[in-house]
Amino acid sequence: MSERLNFRFEVAGDDFTSAGQASVQVKKILRQLGMETDFIKRVSIAMYEGEINMVIHAGGGVAEVNVCEDHVEIILEDHGPGIADIEKAMQAGYSTAPDSVRSLGFGAGMGLPNMKKNSDSMDISSVVGEGTRIVMRVNI
């Protein structure tokens, strides 16, 4: 594959029934392209966790996926409250999710750590009151 494939997904906020639909679509696309199962799993987990974070914390956002010859890039952008302390948010088990979300089985504080674990690089930029942008790269 010499050219880049680009996909854009709108992620609805506070909608747990449609949460994860973008990562399911990306998984199907990568399968159709003949990618390795372990690679697809890493991309899917990283993207799903990002989607869920946008649903829980940011009122939704946009997920862009760029499939390149040697990697997949996932760009997640929202206009939510932002992350006040990124270092703290990266700690496994740390969560600001409300009890109503936790009662649904979400908000365990593993989203950002799982995103980092399943990507080869991850960059987070966030401004409190403006939103968050996360760029992940998963190498093929």
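These notes cover the structure that comes with them.

Parameters at a glance
Residues numbered from 1 in each chain as written. Predicted model: local features only at pLDDT ≥ 70, side-chain atom pairs only at ≥ 80, totals over all residues. Heavy atoms only, no water. Helix = DSSP H or I, 4+ residues; strand = E, 2+ residues; numbered from the N terminus. Rg over C-alpha atoms; globule rule 2.2 N^0.38 Å. Buried < 20%, exposed > 50% of the residue type's maximum accessible area, 1.4 Å probe, protein only. Contact = heavy atoms within 4.5 Å. Areas by Shrake-Rupley, 256 points an atom, 1.4 Å probe, with all protein chains shown as cover. Pairing = 2+ DSSP bridges. Axes fitted to C-alpha atoms, helices over the stretch in contact; angles between N-to-C directions. Expected span 1.5 Å × (residues − 1). 1 Å grid on protein atoms, 1.4 Å probe; cavity = no way out; pocket = protein on both sides within 12 Å on 5 of 7 lines; lining within 4 Å. Points joined across faces, edges and corners; volume = space filled by probe spheres on them. Nonpolar A, V, L, I, M, F, W, Y, C, P; charged D, E, K, R; others polar. Salt bridge = Lys/Arg side-chain N within 4 Å of Asp/Glu carboxyl O.

## Focus on the overall build of the protein
Across its full length, the protein carries 5 helices and 5 strands. Each helix (α) and strand (β) of the protein, taken in turn from the N terminus, gives the series β-α-α-β-β-α-α-α-β-β. A compact globule built from 140 residues would reach a C-alpha radius of gyration of about 14 Å, and the protein, at 14 Å, matches this within 12%. Dimensions of the protein along its principal axes, counting C-alpha atoms only, are 45 × 30 × 25 Å. Counting only residues that meet the buried cut, the protein has 44% of its 140 residues in that class. Partitioning the intrachain contacts of the protein with sequence separation of at least 6 by distance along the chain shows that 63% fall at a separation of at least 24. Of the roughly 7600 Å² of accessible surface on the protein, a fraction of 47% belongs to carbon and sulfur atoms.

## Some thoughts on the sheet that holds strand E1 (residues 5-12)
Spatially, 5 strands are ordered E1-E2-E3-E5-E4 in an open sheet, and the strand pairing comes out antiparallel. At either margin of the open sheet sits one strand with a lone partner, and together these are E1 and strand E4 (121-127). When the angles between neighbouring strand axes are averaged without regard to direction, this sheet yields 10 degrees. Pairing of strand E2 (residues 60-67) with strand E3 (residues 71-78) involves 6 bridges; the strand directions are antiparallel. Within E3, the residue paired with Asn66 across the bridge is Glu73.

## Concerning the environment of Ile56
Inspection of the secondary structure puts Ile56 in helix H2 (residues 37-57). Taking the relative accessible area as the measure of exposure, Ile56 reaches 11% and is therefore buried. Taking C-alpha positions, Ile56 is 8.5 Å from Asp15, a pair spaced 41 residues apart along the chain. With residues near it in sequence (within four places) discarded, Ile56 still touches Asp14, Phe16, Ala97, Val101, Phe106 and Gly107.

## Looking at H2
Across its 21 residues, H2 extends 30 Å between first and last C-alpha, which sits within 8% of the 30 Å expected from 1.5 Å per residue. Downstream of H2 by one or two residues, Gly59 has phi in the positive range, about 70 degrees.

## Considering the layout of surface pockets
In this structure, the largest pocket occupies an estimated 620 Å³ of space. Lining of the largest pocket is provided by 33 residues; of these, Asn53, His57, Ile83, Thr96 and Leu112 occupy positions nearest its centre. The dominant element in the lining of the largest pocket, judged by the number of residues it contributes, is H2, at 8 residues. For the lining of the largest pocket, the class distribution of residues is 18 nonpolar, 12 polar and 3 charged.

## Focus: the pattern of salt bridges
Summed over the entire model, instances satisfying the criterion amount to 5 salt bridges. Between Asp70 and Arg137 there is a salt bridge whose closest N-O contact spans 3.6 Å. You can see Asp70 sitting in the loop between E2 and E3 and its partner Arg137 sitting in strand E5 (residues 131-139), a full 67 residues away along the chain. You can call Arg137 partly exposed: its relative accessible area is 31%.

The values reported here are purely geometric and, on their own, carry no functional implication.
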